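If you want the building blocks of each chain, they are given just below.
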Amino acid sequence: MSWSRTALAGATLALCATLSACGFQLRGKVDLPFETVFVEAPEYSKFGEQLRRGIEGGSHTRLTDSKAQAQAVVSLLGEAQERLILAVSGGGRVRELQLRYRAMFKVTDAKGEIWLPQGEVVILRDMTYDDAQVLAKEAEANQLFREMQADAVQQMLRRIQAIRAASEEAN
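Conventions adopted
- Residues numbered from 1 in each chain as written.
- Predicted model: local features only at pLDDT ≥ 70, side-chain atom pairs only at ≥ 80, totals over all residues.
- Heavy atoms only, no water.
- Helix = DSSP H or I, 4+ residues; strand = E, 2+ residues; numbered from the N terminus.
- Buried < 20%, exposed > 50% of the residue type's maximum accessible area, 1.4 Å probe, protein only.
- Contact = heavy atoms within 4.5 Å.
- Areas by Shrake-Rupley, 256 points an atom, 1.4 Å probe, with all protein chains shown as cover.
- Pairing = 2+ DSSP bridges.
- Axes fitted to C-alpha atoms, helices over the stretch in contact; angles between N-to-C directions.
- Expected span 1.5 Å × (residues − 1).
- Polar contact = N/O pair within 3.5 Å; in protein donor to acceptor, adjacent residues only side chain to side chain.
- Phe/Tyr/Trp six-rings, centres within 6.5 Å; stacked < 30°, edge-to-face > 60°.
- pLDDT = per-residue confidence, 0-100.

J.: How should the overall build of the protein be read in this particular structure?
T.: The helix and strand tally for the protein stands at three helices and five strands. Ordering the α and β elements of the protein from the N terminus gives α-β-α-β-β-β-β-α. The buried share of the protein, reckoned over its 171 residues, is 32%. Residue pairs at least 24 apart in sequence account for 68% of intrachain contacts in the protein once pairs closer than 6 positions are excluded. Carbon and sulfur atoms provide 53% of the accessible area of the protein, an area that totals close to 11,100 Å².

J.: Would you take a moment to explain the side chain of Ser45 for this structure?
T.: Following the sequence through the fold, Ser45 ends up in the loop between β1 (36-40) and α2 (46-58). Apart from residues lying up to four places away in sequence, Ser45 is in contact with Leu76 and Glu79.

J.: Got a minute to help me understand the sheet that holds β1 in this structure?
T.: Through backbone hydrogen bonds, the strands of a sheet pair up, either in parallel or in antiparallel fashion. Spatial ordering of the open sheet is given by β2-β1-β3-β4-β5, a layout of five strands whose pairing is mixed. Each end of this open sheet is capped by a strand with a single partner; those strands are β2 (62-63) and β5 (114-128). Inspection of the sheet shows β1 paired to β2 by two bridges, in the parallel sense. Residue Thr36 lies in a different strand from β2, and its bridge partner there is Arg62. Sitting on the sheet, α2 is in contact with β1, β2, β3 (72-88) and β4 (94-108), with an inclination near 170 degrees to β1.

J.: Explanation requested: α2 in the structure shown.
T.: Between its first and last C-alpha, α2 extends 17 Å over 13 residues, near the 18 Å set by a 1.5 Å rise per residue. Within α2 the residues assigned to the buried category are Phe47, Gly48, Leu51, Arg52, Gly54, Ile55 and Gly58. The backbone nitrogen of Phe47 has a side-chain oxygen 3.3 Å away, supplied by the residue at the start of α2, namely Ser45.

J.: How should the packing of aromatic side chains be read in this particular structure?
T.: Each aromatic ring pair is specified by the distance between its two centres and by the angle formed by the two planes. All told, the structure shown has two aromatic pairs when counted by the stated rule. Judged by centre distance (6.1 Å) and plane angle (35 degrees), the rings of Phe47 and Tyr101 are tilted. A residue pair is termed long-range when its members are at least 10 positions apart, and Phe47 in helix α2 and Tyr101 in strand β4 qualify at 54 residues.

J.: Just to check I follow, could you spell out the confidence of the model for the protein for this structure?
T.: Predicted coordinates in areas of low pLDDT are best not read in detail. With 78% of its residues at a pLDDT of 70 or more, the protein has an overall mean of 85. Here residues 23-27 is a poorly scored stretch, pLDDT under 50, and it has three contacts once near neighbours within four places are set aside; other chains count.

J.: Help me understand the environment of Val153 in this model?
T.: Locating Val153 in the fold gives a position in helix α3 (residues 134-170). In sequence terms Val153 and Gly54 are 99 residues apart; their C-alpha atoms lie 7.3 Å from each other. Here Val153 is in contact with Phe47, Gln50 and Leu51, once residues within four sequence places are set aside.

J.: Would you mind showing me how to read the pairing of β4 here?
T.: Sheet faces and side chains relate simply in a regular strand, where the side chains alternate between the two faces. Sheet topology note: the β3/β4 ladder contains 14 bridges and is antiparallel. Across the sheet, the residue bridging to Arg83 is Leu99, located in β4. Linking β3 to β4, which pair antiparallel, is a turn of five residues; within it Gly92 sits at a positive phi near 85 degrees.

J.: Would you explain the environment of Val39 in this entry?
T.: Inspection of the secondary structure assignment puts Val39 in strand β1. Separated by 27 residues in sequence, Val39 and Ser66 place their C-alpha atoms 8.8 Å apart. Excluding residues that lie within four positions of it along the chain, Val39 makes contacts with Gly48, Leu51, Arg52, Ile55, Leu63 and Val74.

Structure follows, in structure tokens:
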């Protein structure tokens with residue numbers, strides 16, 4: 001019994017040492033280069049809501065109620081969910097899909113000067129498909145789109161964070 005506990009403790013210690021040696025760390029707060037931000041997105045946009053939550057909960061930046069009060073304006077220009085057929089069976093039935101999530105955005109100041117020109121975040125996921133499990137595959141696709149949306153928010157925040165490094169290099 002004691003040998004298995006010793007082996008387990010040793011394996012745990014080795015895992016911790018390996019993770020710390022490779023530079024692994026949990027995602028912390030995002031250090032946005034602005035004190036205040038206004039998110040310009042349609043009221044019904046789930047992406048806009050997730051972006052607001054990401055800024056509020058994941059950074060020291062405050063959200064404002066108007067463009068005039070903000071140092072920066074993050075404008076969501078559009079978002080799209082796409083499904084592309086990657087493979088079909090010999091009988092012409094879909095066997096594999098590629099899901100794409102796109103979010104277009106730009107960052108300006110309150111006067112309209114561009115901090116970050118129009119850009120696009122594209123997230124791709126492949127999934128198998130089976131006609132016999134239509135409801136399950138639809139639920140799987142919806143779950144993947146939600147995860148892709150969360151990934152797109154994090155990528156967008158990292159791009160906004162990179163504005164500071166670009167402006168410091170320019171000076």
